[in-house]
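This is what each chain is made of:
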Amino acid sequence: MAGTLRGIADLAIEGRRTFLRVDFNVPVASGKVTDPSRVLASLPTIRHAMERGAKLVLASHAGRPKGKPSPQFSLEPVGQLLAELLHCEVLLTDDCISDAAGKIVTDLRDGQVALLENLRFNPGEEKNDVAFARELAKLCDVYVNDAFGAAHRAHASVSALPQLIRERGVGFLMEREIAALERLRSSTVHPFVAVLGGAKVSDKIGVLEALIDRVDALLIGGAMANTFLAAQGLSMGKSLVEQDKLPLARSLMQRAAGRGVKLLLPTDLLVADSLDASAGRVVTTNLVPDAMMALDIGPRTVETFRHEILPAKALFWNGPLGLFERAPFAEGTFGVARAGADCAGFTVVGGGDSVAAVNQAGLASRYDHVSTGGGASLEFLEGRPMPGIEAVKS
Ligand code: ADP
Ligand code: MG
């Protein structure tokens, strides 16, 4: 991956139209942003650009409006929140490439902020369409990407656009994400421990394969563990199991054994008869009743995982260990969240739901890095070149 990555501090943004690609893909309910984390994470770069007198043009995608305008996915609630946070006016355009948007951007004074309406209201965004990128390019002199959560997608505002702009680089959030994840990816300290959970093995194949060659211990929980347990011949009752991934699970277990990697699966589980059960029952892993499903790791597994996590010199965690959205099945995830918080090594958590769990537990500040990227952090760790990083290199 040749080329150098410049940070916003080294770009000539004073008095120039600076297109800042941010990740404002935040949950909204009744016209209000319900989790402002991603907006807050963008503030240092935004404030820096304003203080240096850039004419700031913010742009983001939100939700899946499928290439046409849809009020439900408007960035208006984000614009309001941003105006409150920055104590200044944020000019929301009606569409990202309309004449009106062009006029708003042309009229910006130094230090003023415009927010383009949802990029995905235009079909060109997700198609990485060059004609659409050329329209966006008319709005900018300098391009800055600070949307780590979108850096793994070859979309127009992330890939085609920066290649049309000479003066380009990344914001502070992107710099922090890259530094932390690169430190982990190239980590040579031991023990290096990874905890993987979440819904599906199929979502995480790449990262499983990449990590198994690098870590000393791989702790697997969540619904993902069900597939590994089933691959060992255990009966998992009504639990979520990906039948077509059993051979993959077997080959991963063999690979781990061959390399001396400790691959730990749950030894006890919390089972219930349905997803909305009001409580679970602890069973050992080989005794899951036919009519029950595993919805969390059990207390003995939490203890075993904690014992592996505490001495880690490097820790990566992705994916909840159970159905943590429901209180009766959250203890496994919170137990691992606490273990990670208590670990003195270099600790990183990534993934939308895992990060939500760490925030809910009030433990985010006790991790070295909480990644704002779900899929992006996984792809980075796999070592795949990311379109949004490659395209801004000079
Ligand atoms: P992340 O967003 O952190 O990458 P995923 O999206 O892969 O995590 O998985 C999170 C989802 O997996 C959560 O909705 C959680 O409820 C679900 N989950 C975890 N374990 C189980 C389980 N045993 N049974 C059902 N769902 C589970
Ligand atoms: Mg998720």
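In what follows, the structure referred to is the one given above.
So, how was this worked out
- Residues numbered from 1 in each chain as written.
- Chains lettered and ligands numbered in written order.
- Predicted model: local features only at pLDDT ≥ 70, side-chain atom pairs only at ≥ 80, totals over all residues.
- Heavy atoms only, no water.
- Helix = DSSP H or I, 4+ residues; strand = E, 2+ residues; numbered from the N terminus.
- Rg over C-alpha atoms; globule rule 2.2 N^0.38 Å.
- Buried < 20%, exposed > 50% of the residue type's maximum accessible area, 1.4 Å probe, protein only.
- Areas by Shrake-Rupley, 256 points an atom, 1.4 Å probe, with all protein chains shown as cover.
- Lys, Arg positive; Asp, Glu negative; His and termini not counted.
- Charge placed at Lys NZ, Arg CZ, Asp CG, Glu CD.
- Pairing = 2+ DSSP bridges.
- Right-handed = clockwise from strand over helix to strand, strands pointing away.
- Axes fitted to C-alpha atoms, helices over the stretch in contact; angles between N-to-C directions.
- Contact = heavy atoms within 4.5 Å.
- Expected span 1.5 Å × (residues − 1).
- Near = heavy atom within 4 Å.
- Polar contact = N/O pair within 3.5 Å; in protein donor to acceptor, adjacent residues only side chain to side chain.
- Nonpolar A, V, L, I, M, F, W, Y, C, P; charged D, E, K, R; others polar.

Enquirer: With reference to specific residues and values, describe the overall build of the protein chain.
Expert: When helices and strands are tallied, the protein chain shows 13 helices and 17 strands. The C-alpha atoms of the protein chain give 22 Å as radius of gyration, which agrees with the globular expectation for 394 residues (21 Å, within 12%). Each principal axis of the C-alpha distribution contributes one length, and for the protein chain these read about 70 × 45 × 35 Å. When burial is assessed residue by residue, the protein chain has 57% of its 394 residues classed as buried. Summed over all atoms, the accessible surface of the protein chain reaches about 16,100 Å², with 52% contributed by carbon and sulfur. Distance between charge centres in the protein chain, computed from 42 positive and 45 negative side chains, equals 3 Å.

Enquirer: Talk me through the pairing of strand β15 (residues 314-318); I want residue IDs and the actual numbers.
Expert: Taking burial as the measure, the five residues of β15 include five buried ones, the bulk of the element. Across the two faces of β15 the burial is the same, with Ala-314, Phe-316 and Asn-318 and Leu-315 and Trp-317 all buried. In this sheet, β15 lies alongside strand β9 (residues 192-196) in parallel orientation, the contact comprising five bridges. Bridge assignment links Val-193 to a residue of β15, and that residue is Leu-315. Here β15 pairs with strand β16 (residues 346-349) via four bridges, running parallel. Among the inter-strand pairings, Trp-317 is bridged to a residue of β16, identified as Val-349. Following the backbone out of β15, through helix α10 (residues 331-342) and into the adjacent parallel β16, one traces a crossover that is right-handed.

Enquirer: Account for the sheet that holds strand β14 (residues 293-297), with residues named and values stated.
Expert: Overall, antiparallel pairing links the three strands, which are arranged β13-β12-β14 in an open sheet. Across the chains shown, the open sheet's two edge strands, defined by having one partner strand only, are β13 (281-284) and β14. If you compare each strand with its neighbour and ignore which way they point, the axes differ by 45° on average. Looking at chain direction, strand β12 (residues 268-272) and β14 are connected through four bridges and run antiparallel. If you follow Val-271 over to β14, its bridge partner there is Ala-294. Strands in contact with helix α9 (residues 299-309) are β12, β13 and β14; relative to β14, the strand with the most contacts, it is inclined by about 40°.

Enquirer: Report on the sheet that holds strand β10 (residues 217-220), specifying residues and quantitative values.
Expert: Spatial ordering of the open sheet is given by β11-β10-β9-β15-β16-β17, a layout of six strands whose pairing is parallel. Edge positions in the sheet fall to β11 (262-264) and β17 (369-370), since each of these pairs with one other strand and no more. Pairing of β16 with β17 involves two bridges; the strand directions are parallel. For Val-348, the partnering residue across the bridge sits in β17 and is His-369.

Enquirer: Describe in detail the environment of Asp-216, supporting the description with residues and values.
Expert: Tracing the backbone through its elements, the reader meets Asp-216 in the loop between α6 (205-212) and β10. When the C-alpha atoms of Asp-216 and Lys-262 are compared, they prove to be 6.2 Å apart, with 46 residues separating the residues in sequence. Among all residues touching Asp-216, those that are not within four sequence positions of it are His-190, Pro-191, Phe-192, Gly-260, Val-261 and Lys-262.

Enquirer: Explain the pairing of β9 residue by residue, including any values.
Expert: Buried residues dominate β9, accounting for five of its five residues. Of the two faces of β9, the one carrying Phe-192, Ala-194 and Leu-196 and the one carrying Val-193 and Val-195 are both buried. Relative to β10, β9 runs parallel, the two being bridged by four bridges. Looking at the pairing, Val-193 lines up with Ala-217 of β10.

Enquirer: Hey, could you go over α10 for me, with residue numbers and the actual values?
Expert: The terminal C-alpha atoms of α10, which comprises twelve residues, lie 16 Å apart, in line with the 16 Å expected from a rise of 1.5 Å per residue. Within α10, nine of the twelve residues are buried, which leaves the element mostly enclosed by the surrounding structure. Among all positions of α10, only Gly-332, Thr-333, Phe-334, Gly-335, Val-336, Ala-337, Ala-339, Gly-340 and Ala-341 are buried. Lining the buried residues of α10 we find β9, β14, α9, β15, β16 and α11 (352-360).

Enquirer: A description of the site of ligand 1 should follow, citing residues and the corresponding values.
Expert: Looking at ligand 1, there are 17 residues lining it, with Lys-204, Ala-223, Glu-325, Asp-353 and Ser-354 nearest. Between an oxygen atom of ligand 1 and a side-chain N or O atom of Lys-204, the distance comes to 2.7 Å. Measuring from an oxygen atom of ligand 1, one finds a side-chain N or O atom of Ser-354 at 2.4 Å. Protein burial of ligand 1: of its 580 Å² of free accessible surface, 84% is covered by the chains. Every element with two or more residues in the shell around ligand 1 is listed here: α7 (222-231), β14 and α11. No other element matches the three residues that α11 contributes to the shell around ligand 1. Of the residues that constitute the shell around ligand 1, the class distribution is six nonpolar, eight polar and three charged.

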